[in-house]
Amino acid sequence: MTLKEKVYQMLHAAPAIERLNVKAYNWWNEGLHGVARAGTATIFPQAIGLAATFDEEMLEAVADAISTEARAKFNMQQQFGDTDIYKGLTMWAPNVNIFRDPRWGRGHETYGEDPYLTSRLAVRFIQGLQGDDENYLKVAACAKHFAVHSGPEDQRHHFNAVVTNQDLHETYLPAFRACVQEAEVEAVMGAYNRTNDEPCCGSELLLEQILRGEWGFDGHVVSDCWAIRDFHEQHKVTANEVESVALAVNRGCDLNCGSLFVFLLEAVEQGLVTEAKIDQAVIRLFTTQLKLGLFDEREKVPYSAISYLENDSAKMRELNLKAARECLVLLKNDGMLPLHPKKLKTVGVIGPNANNRRALVGNYEGTASRYITVVEGIQDYLGDDVRVLYSEGCHLFKDRVSPLGQANDRISEAKGVCAESDVVILCLGLDAGLEGEEGDTGNPFVSGDKKDLRLPGLQEELLRVVQESGKPVVLVLLSGSALAVEYADRNVSAILQGWYPGAQGGRAIAEAVFGDFSPEGKLPVTFYRTTEELPEFTDYSMKNRTYRYMDNEALYPFGFGLSYSDFAVDSIRLSSEEITGNGIRVTARIENKGEWAGGEVLQVYVKANREGTPHPQLKAFRKVHLQPQEAAEVELVLPREAFALCDENGVSRVEAGEYTLYVGTSQPDRRSVELSGKEPAAFKLIADTVSPV
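Quick look at the structure, then.

Conventions adopted
- Residues numbered from 1 in each chain as written.
- Predicted model: local features only at pLDDT ≥ 70, side-chain atom pairs only at ≥ 80, totals over all residues.
- Heavy atoms only, no water.
- Helix = DSSP H or I, 4+ residues; strand = E, 2+ residues; numbered from the N terminus.
- Rg over C-alpha atoms; globule rule 2.2 N^0.38 Å.
- Buried < 20%, exposed > 50% of the residue type's maximum accessible area, 1.4 Å probe, protein only.
- Areas by Shrake-Rupley, 256 points an atom, 1.4 Å probe, with all protein chains shown as cover.
- Lys, Arg positive; Asp, Glu negative; His and termini not counted.
- Charge placed at Lys NZ, Arg CZ, Asp CG, Glu CD.
- Pairing = 2+ DSSP bridges.
- Axes fitted to C-alpha atoms, helices over the stretch in contact; angles between N-to-C directions.
- Salt bridge = Lys/Arg side-chain N within 4 Å of Asp/Glu carboxyl O.
- Disulfide = S-S within 2.5 Å.
- Phe/Tyr/Trp six-rings, centres within 6.5 Å; stacked < 30°, edge-to-face > 60°.
- Contact = heavy atoms within 4.5 Å.

1. Remarks on the overall build of the chain
No. 1: Within the chain one finds 20 helices and 24 strands.
No. 2: Taken against the 2.2 N^0.38 rule, which gives 26 Å for 693 residues, the C-alpha radius of gyration of the chain at 25 Å falls within 12% of a compact globule.
No. 3: By its C-alpha atoms, the chain is 75 × 70 × 50 Å across when sized along the principal axes.
No. 4: When burial is assessed residue by residue, the chain has 63% of its 693 residues classed as buried.
No. 5: By element, 45% of the accessible surface of the chain is carried by carbon and sulfur atoms, the whole surface being about 25100 Å².
No. 6: Charged side chains in the chain number 70 positive and 101 negative. The centres of these two groups are separated by 3 Å.

2. Side note on the sheet that holds strand β22 (residues 657-664)
Where strands meet in a sheet, backbone hydrogen bonds hold them as pairs that are either parallel or antiparallel.
No. 1: Spatially, the four strands line up as an open sheet ordered β18-β17-β22-β23, and their pairing is antiparallel. In the strand order of this sheet, the two ends are held by β18 (617-626) and β23 (681-687), each with one partner. Within the sheet, the average angular offset between the axes of one strand and its neighbour, ignoring direction, is 20 degrees.

3. Looking at the pattern of salt bridges
No. 1: Inspection of the entire model under this criterion finds 45 salt bridges.
No. 2: One salt bridge connects R325 with E511, and the closest N-O pair in it is separated by 2.8 Å. Of this pair, R325 sits in helix α12 (residues 314-327) while E511 sits in helix α18 (residues 505-513), and the two are 186 residues apart along the sequence.
No. 3: Relative accessible area serves as the criterion here: at 6%, E511 is assigned to the buried category.
No. 4: Salt-bridge contacts for R410 lead to D409; the nearest nitrogen and oxygen are separated by 3.4 Å.

4. Some points on the sheet that holds strand β9 (residues 329-333)
No. 1: Ordered by their spatial adjacency, six strands build an open sheet running β9-β14-β13-β12-β10-β11, and the pairing between neighbours is mixed. Both outer strands of the open sheet, β9 and β11 (387-391), are each paired with one neighbouring strand and no more. Here the strands of the sheet are splayed against their neighbours by 15 degrees on average, with no regard to which way each runs.
No. 2: By the bridge criterion, five bridges tie strand β10 (residues 346-350) to β11 in an arrangement that is parallel. Within β11, the position partnered with V347 by the bridge is V388.

5. Examining the state of the cysteines
No. 1: Tallied over the full model, the rule gives one disulfide.
No. 2: The disulfide that involves C225 links it to C257, with 2.1 Å between the sulfurs. The sign of the 80 degrees torsion about the S-S bond sets the C225-C257 disulfide as right-handed. Pair noted here: C225 is in the loop between β8 (220-222) and α8 (227-233) and C257 is in the loop between α9 (241-251) and α10 (264-269), with a separation of 32 residues, a long-range link. Taken as a pair, C225 and C257 share a single burial class, namely buried.
No. 3: Considering cysteine sulfurs only, C201 is the nearest to C200, which forms no disulfide, with 6.8 Å between them.
No. 4: Among the residues examined, C200 registers a relative accessible area of 0% and is labelled buried.
No. 5: Here C394 is not cross-linked by a disulfide; its sulfur's nearest cysteine counterpart is in C427, at 12 Å.

6. A few points about the packing of aromatic side chains
No. 1: Under the counting rule described, the total for this entry stands at 22 aromatic pairs.
No. 2: Ring geometry for W28 against W226: centres 5.8 Å apart, planes inclined by 65 degrees, an arrangement best described as edge-to-face. Remark: W226 occurs in the loop between β8 and α8 and W28 occurs in the loop between β2 (25-26) and α2 (47-52); sequence separation between them is 198 residues.
No. 3: By relative accessible area, which is 10% here, W28 ends up buried.
No. 4: Judged by centre distance (6.0 Å) and plane angle (40 degrees), the rings of Y172 and Y540 are tilted. Highlighted residues: Y172 in helix α5 (residues 165-172) and Y540 in the loop between α18 and α19 (546-549), separated in sequence by 368 residues. Each member of the pair, Y172 as well as Y540, carries the same accessibility label: buried.
No. 5: Through successive ring pairs, a cluster of aromatic residues spans F54, Y116, Y547, F558, Y605 and F621.

7. Quick word on the environment of L255
No. 1: Assignment of secondary structure puts L255 in the loop between α9 and α10.
No. 2: We classify L255 as buried; its relative accessible area is 0%.
No. 3: With residues up to four places along the chain from it excluded, the contact list for L255 reads Q9, M10, L11, H12, W27, W92, H220, V221, V222, S223, F261 and L285.

8. Quick word on unusual backbone geometry
No. 1: The omega torsion across A93 and P94 is 10 degrees, close enough to zero to call that bond cis.
No. 2: Checked against the element boundaries, P94 lands in the loop between α3 (56-79) and α4 (115-130).
No. 3: The omega torsion across F146 and A147 is 0 degrees, close enough to zero to call that bond cis.
No. 4: Positionally, A147 belongs in the loop between β3 (142-146) and β4 (160-161).
No. 5: Backbone geometry places V148, a non-glycine residue, at a positive phi of 60 degrees.
No. 6: By secondary structure assignment, the location of V148 is in the loop between β3 and β4.
No. 7: The class of V148 is buried, set by a relative accessible area of 1%.

What follows is the structure, encoded as structure tokens:
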């Protein structure tokens, strides 16, 4: 290959080299919660909803389905010579950034605020994407955005995320490390921002010392889209395009999402980059393509036999509905849920998210062949037996629905629906037009970030009007992040957090509300009470952030979620009272004592009993599904590193001293106990010696 040919293979839209029989290939493809932006595909619940399942097996099953559809579509597209963007086999997912601040617009792309939960779910998602064939990848996964990246969106191109070594290694890096060392992820994407003064896509610390040095990563690194341009235009760490591409490649960035790498020709000519560095990058990229079977005959690649008919099939719809059911989190229930259709004559469905398709799908989404909104799900469920009245109630964020109407132009209709209804299902929240990525069409506030945690527009007023109607109210929240809903918590009968539950979401929500199954999701993020208690958005210190470090009491804590059934945990046994080199084995019996079949999550938290340490942290969990009166014994193994914390230098070690281990179905904090009525069991453990991990 000529130097020019090699350089052009380092662009996301790599051209064909006909004389070498190398086909054109576009590296840019998205698969966060379904094959995205390439036509019809299954739209699974958004990543934050998948995280709420606390179900590793579900994450792997969804990812396997996504990779099946990706192969099905790719095989079809190749037959017709279609090598356009979003039509390759290199999925730029999952997003394993830590959702440290609920205002971040892209937080719903992540698995939440906890490094351990994120690690476990990401590993299984990657394994589901990449498959288990000895010779070929099903698709190539990509962990993003490396590293220390979570807003603000409108500052990401010039922002410098300043972080301590302790927070870097204890919070921001563990999920990436698990993706690399456990899941063997094929690619890593750098972030837009700087971290401790270095642009992430050209960082010596992140890319050379940690990723390839300490962790031994041997896949390829891709820049975020047009991030290399920011080196000289925004971060001001280089003088021009030539210096920027040289910095990126010399630090180990192999693929440019964008076209700036064409300047590598000048960089080599000026002696800023060696051709050997170019060769190294192209070898990494061609290795990925070899693993995908792109240079082999179709008959040799098992995944080439996947038919286009696998895409959007009945089997996929069934899995999608199952995922949507598992992601729902019951935040409050005074006993009103589930509703009994035979006792109802008229059901009111009110709210800007009741018939909002965008509130089903989140961002980085595909196109579903059918969408079922909440009101459609309820209409389908009740049929002609119960009258369903619908009102939008208010606009999602504006002060009127009709541009020519007066402010609050749907409130009388909402009052009318309440007056005629036996019960009201109120659908509020956000959609991906309000929280998302900078530059996405429709983000009217703060470039995709939330300015605060309040319900936007007139939604809070609508909530009060509906509640004051005197009719029983079920609040369904569709959002990708935490909202401060203290009034609802004090006043409405039931609250169901639906996230962005996918194209089948309205059906799943209707089934939950009317008792076809019991909700079983758990919160992967903290629901705070106010915006004011949060640190500055730009402050990347973990002090007073997330359940691990926050000072105030949560409205709804991380790990919390109610059920229609009643689960009990007993017969807990620990393999040792001393933290050994093999860690601790926890065995517990979990029993469904209620009348509903359902799922529950056994959760294990660890607290180091000394000053200056985080609150109890999640270190093991297992989702269990049980029939009424059924019990199961669950065994969880906590390796020694589950008890380790990082010092100010970022060195992880288990200190000598006392630890408390909590076993239950929630955090051990006071608010979780108050809301659930259950207190996790506590056990004292001792570590006799200091040991690095």
